[in-house]
Amino acid sequence: MSKKQDSVDVPLLPRNSQTSLDASSTSDDITRASSRAPVPASRWKTPEFFVYYLVIAIGFPSMCLCAMGVSKGAVTDTPVLSAIFKEAFQGLDAREESGTDGRTRDNSDPQYASFRNNIPLLLQVAMGYLLLSHAIQRYAPRFRSHFSLLFSVIFLTIIHGTSILKIAAITGVNYIITKTIGHLKVGVAMTWIWSLGILYVNSVYDGYKFGHMHSGLAYLDALKGINMRWWITFNFSTLRMISFSMDYYWACGTPNKARQEVRLTAKPHPLPVYSLLSYACYLTYVPLYLAGPIITFNDFTAQFRHAPREVTVRSTVMYAIRWVSSLLVMEYLLHTVYVVAIKDTRAWEGYSPFQMSMVGYFNLTLIWLKLLIIWRFFRLWALSDRVTACENMTRCMSNNYSAIDFWRAWHRSYNRWLVRYLYVPLGGAKYYALNIWPTFTFVAVWHDISLRLLTWGWMIAAFILPEVLLVKVFGNERWRRKIGYTTHRHLAATAGVANILMMMTANLVGFVVGLDGVKIMLAQTFNRNGLLFMLGNFVCIFSTVQIQFELRNEEARRGWKA
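Treat the numbers as computed from the prediction; the structure is a model and nothing was measured.

*Asks:* Could you clarify how one ought to interpret unusual backbone geometry in this entry?
*Replies:* Backbone phi values are negative for most residues with the exception of glycine, while trans is the configuration of most peptide bonds. Look at the link from Gly292 to Pro293: it is a cis peptide, with omega at 5°. On the secondary structure map, Pro293 appears in the loop between α13 (286–289) and α14 (297–305). Look at Arg386: it is not a glycine, yet its phi comes out positive at around 65°. Tracing the backbone shows Arg386 in the loop between α17 (353–384) and α18 (403–409). Of the residues examined, Arg386 reaches a relative accessible area of 35% and is grouped as partly exposed. With phi around 55°, His411 is a residue other than glycine that occupies positive phi space. Positionally, His411 belongs in the loop between α18 and α19 (412–423). Residue classification places His411 among the buried positions, given a relative accessible area of 0%.

*Asks:* Whenever I open this one, the nonpolar core confuses me. Can you help?
*Replies:* Most often, soluble globular proteins keep nonpolar side chains buried together rather than apart. In terms of nonpolar packing, the biggest core is built from 127 residues, with Phe115 and Trp417 touching the most fellow members. Tallying contributions element by element places α17 first for this core, with 19 residues. Setting aside chain neighbours within four positions, we find Phe115 in contact with Leu122, Trp323, Ile373, Ile374, Phe377 and Phe378. Counting residues in hydrophobic clusters, the runner-up holds 12 residues, among them Tyr401, Val497, Val545 and Ile547.

*Asks:* Is there a simple way to explain the packing of helix α15 (residues 313–336) against α17 in this structure?
*Replies:* Helix packing for two helices is described by the angle between their axes and how far apart those axes are. Relative to each other, α15 and α17 sit at 155°, their axes nearing to 10 Å. Taken together, the axes of α15 and α17 lie roughly antiparallel to each other. Both α15 and α17 take part in a crossing whose hand is left-handed. Here Thr316, Tyr319, Ala320, Arg322, Trp323, Ser326, Leu327, Val329, Met330 and Leu333 of α15 come into contact with α17, specifically with Leu366, Leu369, Lys370, Leu372, Ile373, Arg376, Phe377, Arg379, Leu380, Leu383 and Ser384. Here the residues of the contact of α15 with α17 are counted per class, giving 14 nonpolar, 3 polar and 4 charged.

The rules behind each value
- Residues numbered from 1 in each chain as written.
- Predicted model: local features only at pLDDT ≥ 70, side-chain atom pairs only at ≥ 80, totals over all residues.
- Heavy atoms only, no water.
- Helix = DSSP H or I, 4+ residues; strand = E, 2+ residues; numbered from the N terminus.
- Buried < 20%, exposed > 50% of the residue type's maximum accessible area, 1.4 Å probe, protein only.
- Core = buried A, V, L, I, M, F, W, Y, C linked by side-chain atoms within 4.5 Å.
- Contact = heavy atoms within 4.5 Å.
- Axes fitted to C-alpha atoms, helices over the stretch in contact; angles between N-to-C directions.
- Parallel < 35°, antiparallel > 145°, perpendicular 65-115°, else oblique.
- Left-handed = near helix turned anticlockwise from the far one by under 90°.
- Nonpolar A, V, L, I, M, F, W, Y, C, P; charged D, E, K, R; others polar.

Below is the structure:
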């Protein structure tokens, strides 16, 4: 898999004193500072909300028709654009791409194209692994870890070739650090320095070659494997290295210290559990190796020993149906909305502000959906092996008005990793305004060491601070009574609109068109012709935020958790 994404995530304030793995109580609802606030009566059938329903009934179809319209025009309008798009679609004939319907499919996202094209192969590997794994679990459960490691070595050798030796050397150094000085704070520091250093060296030297280490090893570079860019997926391995080392550090604490750490981490295991076999098995566990979701060492080891009861055949089958449904939605969008190719070729000359905004919005939507599909596939594989990891996408991208809630729901497993191993050790909620800066810097560097990603990370941190301040100052019962509940809700919705626009801008910079591309898009959107569009845009987003407020209230009434 490529360096996606990814994906991007942020630490959150603890919901309560019992755990640091939940999100901030300040972000649960921008209209309520505490979950103890009473839930208002339902507004679903009020005249006010029927106005919002009308706005959405008009706005959403218009958005879809606009995106489909610019996509069709981009392919057919001019010979120049047709040539550009032929290249963007990798030169594939429309009917060869899509079968009998004759539609062109936007195949210009290399990450999703690679995953989609390899789904049949991945399914075959998954089926073979699961058949063998369940046989081992049934007849020789003591050897489950041995089987998993053996299968992983074979799998990694096929996909990475001789680069598996580099992976073994890097992770081996981390194991030695942990087992020799990992019980000391200096050992934890060395693990972080080693992991961050590897991220930097991998990025600068593109995984480096054996021939550069010694001329006599140059022949090993020819045995590359299927996925030559092993250092891309290794980013996940660095998180697992740190998880192992810090879980070991906490397990080595005094009994009193260990009891204090239980609320910060999963319960530590006895020290013999932190063995080389467990470490290697955790690092290379095939279902979660390529893309996650991320799971801590303590959690993984506990599940490998005792399968969780909540994983049942029925729940796994239902999850498989959800994955297939998401895949079908993506197929429809790729055959009708070509905004990724438009973005890549910057073929937006002459677009109206509405058309430009739809190119940006649907690009973000497709990024969310592709990551949802990829993460759900590998989570489904792990579930089928009776290992559960948290759902990475817990809300639709368009169902977020809070910047903090957005990152809690996007790549949630990484979010929890950050809270557990970085945010809380740095001081947690006590230094929230300071801690988000090193945390987002790490998030940016982990994705890719580039100025564009650093800019994105710092923009996210800067955009979160106003929300935290506003909720802390005005998100309380005193202010609601002072200015009136309805006025407070409308002001909160206005702040939600600002949040959504800022987060879209930041993510367009980080993962779509970069800073220069966003400047072009904003210039074509915020002009004289765009004033009416911006007014309509505000009305539409304001209406959706009000609906989202009521959805959160409905979740509270029914006792649901996102």
